[in-house]
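Chain and residue survey
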Amino acid sequence: MADPKVTSTRQDFPEARDKIVELVELDVEADYYAITMRFQDKTSLTFSIEPCVFTFPRYSRSEDGEEKIVKEYEPIRSTVEGLDI
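Everything quoted here is computed from the prediction, not taken from an experiment.

Glancing now at the packing of aromatic side chains. All chains considered together, the criterion is met by 1 aromatic pair. Aromatic pair F13 and F47: ring centres 5.2 Å apart, planes at 90°, arrangement edge-to-face. On the criterion of sequence distance, the pair formed by F13 in the segment before β1 (21-29) and F47 in strand β3 (residues 44-49) is long-range, its members being 34 residues apart. Classification of F13 as partly exposed rests on a relative accessible area of 33%.

Okay, structure coming up:
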């Protein structure tokens, strides 16, 4: 159940425009996830990924086979280290 007030975000990376990709790497380790694009001019663009969990708890009752929401709680999210959101 997504929050209708939240909009999507788009981020452009002009430094990577018109570059030729030489290699794309995916790093998956116990505490680190990243996607790196390496370009022919020996530069790279890396996306470090922080996994997280969001939950939207609600308490409901079933009436005639239909769910009736009694109470919706504040969303709960996991902590992302080094990021204050």
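Structure's up, so let's keep going.
For the structure on display, the rule yields 4 salt bridges. Close ionic contact of D41 with K19 constitutes a salt bridge, the shortest N to O distance being 2.6 Å. Remark: K19 occurs in the segment before β1 and D41 occurs in the loop between β2 (32-39) and β3; sequence separation between them is 22 residues. Look at D41 and you get partly exposed, because its relative accessible area is 42%. A salt bridge links R58 to E67; the nearest nitrogen and oxygen atoms lie 3.4 Å apart.

Now for unusual backbone geometry. Generally, phi is negative for residues other than glycine and the peptide bonds are trans, each holding for most cases. In this model, K42 sits at a positive phi of 70°, which is unusual for a non-glycine residue. One can find K42 in the loop between β2 and β3. In this model, D64 sits at a positive phi of 55°, which is unusual for a non-glycine residue. Here D64 lies in the loop between β5 (58-63) and β6 (66-72).

Below, the discussion takes up the sheet that holds β2. Reading across from one edge, β1-β2-β3 is the order of the 3 strands in this open sheet, with antiparallel pairing throughout. Each of the sheet's edge strands pairs with one partner strand only, and the pair in question is β1 and β3. Pairs of neighbouring strands in the sheet enclose a mean axial angle of 10°, with direction left out of account. Sheet topology places β2 next to β3; 6 bridges connect them, and they run antiparallel. Pairing of A34 across the sheet is with S48, part of β3.

What counts and how
- Residues numbered from 1 in each chain as written.
- Predicted model: local features only at pLDDT ≥ 70, side-chain atom pairs only at ≥ 80, totals over all residues.
- Heavy atoms only, no water.
- Phe/Tyr/Trp six-rings, centres within 6.5 Å; stacked < 30°, edge-to-face > 60°.
- Helix = DSSP H or I, 4+ residues; strand = E, 2+ residues; numbered from the N terminus.
- Buried < 20%, exposed > 50% of the residue type's maximum accessible area, 1.4 Å probe, protein only.
- Salt bridge = Lys/Arg side-chain N within 4 Å of Asp/Glu carboxyl O.
- Pairing = 2+ DSSP bridges.
- Axes fitted to C-alpha atoms, helices over the stretch in contact; angles between N-to-C directions.

No statement about biological role is implied by the geometric values presented.
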